[in-house]
Amino acid sequence: MSKLSIKPLADRVVVEPAAAEEKTAFGIIIPDTAKEKPQKGIIVAVGNGKKDEPLTVQVGDTVLYGKYSGTEIAIEGKDYLIMRESDIFAVL
Amino acid sequence: MSKLSIKPLADRVVVEPAAAEEKTAFGIIIPDTAKEKPQKGIIVAVGNGKKDEPLTVQVGDTVLYGKYSGTEIAIEGKDYLIMRESDIFAVL
Amino acid sequence: MSKLSIKPLADRVVVEPAAAEEKTAFGIIIPDTAKEKPQKGIIVAVGNGKKDEPLTVQVGDTVLYGKYSGTEIAIEGKDYLIMRESDIFAVL
Amino acid sequence: MSKLSIKPLADRVVVEPAAAEEKTAFGIIIPDTAKEKPQKGIIVAVGNGKKDEPLTVQVGDTVLYGKYSGTEIAIEGKDYLIMRESDIFAVL
Amino acid sequence: MSKLSIKPLADRVVVEPAAAEEKTAFGIIIPDTAKEKPQKGIIVAVGNGKKDEPLTVQVGDTVLYGKYSGTEIAIEGKDYLIMRESDIFAVL
Amino acid sequence: MSKLSIKPLADRVVVEPAAAEEKTAFGIIIPDTAKEKPQKGIIVAVGNGKKDEPLTVQVGDTVLYGKYSGTEIAIEGKDYLIMRESDIFAVL
Amino acid sequence: MSKLSIKPLADRVVVEPAAAEEKTAFGIIIPDTAKEKPQKGIIVAVGNGKKDEPLTVQVGDTVLYGKYSGTEIAIEGKDYLIMRESDIFAVL
């Protein structure tokens, strides 16, 4: 996870999605139901937050986020997602 | 109810849903009507709240919440719900 | 009206609906029109209010509330409604 | 207009609708057009207002309000309307 | 334009609509297009404004307002409109 | 551009639309695409702004604004637009 | 990139879109998926920001923004986009 030359604005973060796996190193299994499933990834870049609201996640955090959150971008040939911190449910 | 390796963000909490039972240890019966029915569960992880608004529920609280509240996640093979504190109606 | 083992969150209250009666002890008659009719009940549990906004109703108050307000719950075999204070029109 | 045993919450008021009349003692005629027509009534009970916003109408004021404003209630056999102060257009 | 016995609430004003004329004393011609046309009238009564926001129009001002703004009322046999100050575009 | 006898309220301004031209004195060409095109005009009257927010445009400014912004009015035989300052994209 | 004679209002910026290229000097590849793709460009003019919120991007920044963000304008024969700073995802 080398340092990326991208700086998200305000409360946005860049997430590297985890490879789809049935059972993770943390023992989290994304359940197979009809409900919207959260996804797992690692924060690789963070913005400076909004006025009076610094971000609470940091680079390196493994996070859960909504299935349809964020916008896809590719940096140096790899796919990432850029999303707002409020799209993130939890840090694992 | 062992400690979970998950930290919800902001005003989110992780709830372990109670097994569906007609009559609980607390004497609560979820009524069988056409209205949306609240569900019962136990808080297993809480966030740090929003700016100037710490959470009022804590780990171990038995809570009532809306039937369609939250997002399903599975941790170490068990199903949980992650939701906002405002989705919770009451502590029992 | 014994003390209930339920604590509503924030600005929510638990109301015990009055039995449907045409004319109450207070002389209130719920009119029979096509408009949405308010209902009458007694507050049996109250939350702590929102930040800087304590509740203005208290346990024991007889209140009028909207016909479709609140969520049904059953405690110790009796039906109650849990709703926000803003769903309450007036104290009788 | 005896004192009513009802206390509206927050910014709500109880209005006794005026009898439908073509020309009032004040010379106001409700025009007969396709537009929503305001109605006239007398304030019979007022709430304590919202935080930092006391009510500006008082018991005894004759007011104009929107045709579909408020909720009907009956107290001691008479019909009243309970509405928010913002539903009131003007004091006559 | 005698003094009217009506006091609008908050940020509301009472306007006496100008007679429909093609060219006014002020040289304003309401254009004949498919767009919503503003109307002209004279302020005959004003409210006390909202908290910390006194009104900027006053009785006697000739104003332009949206074609569908306000609610019709009749006082002493004449038609008026009661509307919010924000429905007024400009003072002529 | 004589002084107009019109005073817009709050954050409204009166704009004299520029004649439709393919290439302006400023070298701006409104592109011919399927997207909504901004229009060019000159500010001829401004309001006093909203509480704590004075206007940043002034009489004489050449401005770009959205194609469907504002309401048409005619003053002394000429067509103008009255719009909010937020409908203006930029000063040229 | 000569200085442009245009001053965006408030939190708006003018962006010169980058030529569509598969792989940029920065190694960013816009992925070819069904999702909304961000676009890349260079800031050529910035507004003064909103009250208490100065802009965080500046002239010369290379930025990513949403595919459908902004309004097209042409200045001195070249196409630009005028958009709000919040439409910008990140600085590269």
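Structural data are supplied above this passage.
Residues numbered from 1 in each chain as written. Chains lettered and ligands numbered in written order. Predicted model: local features only at pLDDT ≥ 70, side-chain atom pairs only at ≥ 80, totals over all residues. Heavy atoms only, no water.

A.B. asks: Help me understand the pattern of salt bridges in this model?
C.D. replies: If charged atoms from side chains of opposite charge come close, those side chains can pair. Using the criterion set out here, one finds 21 salt bridges over all chains in the structure. A salt bridge links Asp11 of chain F to Arg84 of chain F, with the shortest nitrogen-to-oxygen separation between them at 2.9 Å. Of this pair, Asp11 of chain F sits in the loop between strand 1 (7–8) and strand 2 (12–17) while Arg84 of chain F sits in strand 7 (residues 78–84), placing them 73 residues apart in sequence. Via salt bridges that share partners, Asp11, Lys50 and Arg84 of chain A belong to a single interconnected network. (Salt bridge = Lys/Arg side-chain N within 4 Å of Asp/Glu carboxyl O. Helix = DSSP H or I, 4+ residues; strand = E, 2+ residues; numbered from the N terminus.)

A.B. asks: Would you mind going over unusual backbone geometry with me for this structure?
C.D. replies: Among all residues except glycine, the phi angle is most often negative; among peptide bonds, the trans geometry is most common. Residue and element names in this part refer to chain C. Although it is not a glycine, Asp52 sits at a positive phi angle of roughly 70°. By secondary structure assignment, the location of Asp52 is in the loop between strand 4 (39–46) and strand 5 (62–65). A residue is classified by how much of its surface remains accessible, and Asp52, at 56% relative accessible area, is exposed. (Buried < 20%, exposed > 50% of the residue type's maximum accessible area, 1.4 Å probe, protein only.)

A.B. asks: So what exactly am I meant to see when it comes to the environment of Asp87 of chain C here?
C.D. replies: All names here are of chain C. Structurally, the position occupied by Asp87 is in the loop between strand 7 (78–84) and strand 8 (88–91). The exposure class assigned to Asp87 is partly exposed, which follows from its relative accessible area of 25%. Taking the C-alpha atoms as reference, Asp87 lies 9.4 Å from Arg12; in sequence the two are 75 residues apart.

A.B. asks: Quick question: what am I supposed to make of the interface of chain F and chain G here?
C.D. replies: You'll often see interface size given as the accessible area lost when the parts meet. Between chain F and chain G, the residue contacts involve 21 residues of the former and 20 residues of the latter. Between chain F and chain G, roughly 1600 Å² of surface is buried when both sides are summed, and carbon and sulfur atoms account for 59% of that area. The interface formed by chain F and chain G includes zero salt bridges. Across the contact surface, chain F and chain G share four residue pairs in polar contact (both at pLDDT 80 or more). Take the side of chain F that touches chain G: its biggest share by element is four residues, from strand 8 (residues 88–91) of chain F. Pairing of strand 8 of chain F with strand 1 (residues 7–8) of chain G, which is carried by two bridges, proceeds in the antiparallel orientation. (Contact = heavy atoms within 4.5 Å. Buried area = accessible area lost by both parts, 1.4 Å probe. Polar contact = N/O pair within 3.5 Å; in protein donor to acceptor, adjacent residues only side chain to side chain. Pairing = 2+ DSSP bridges.)

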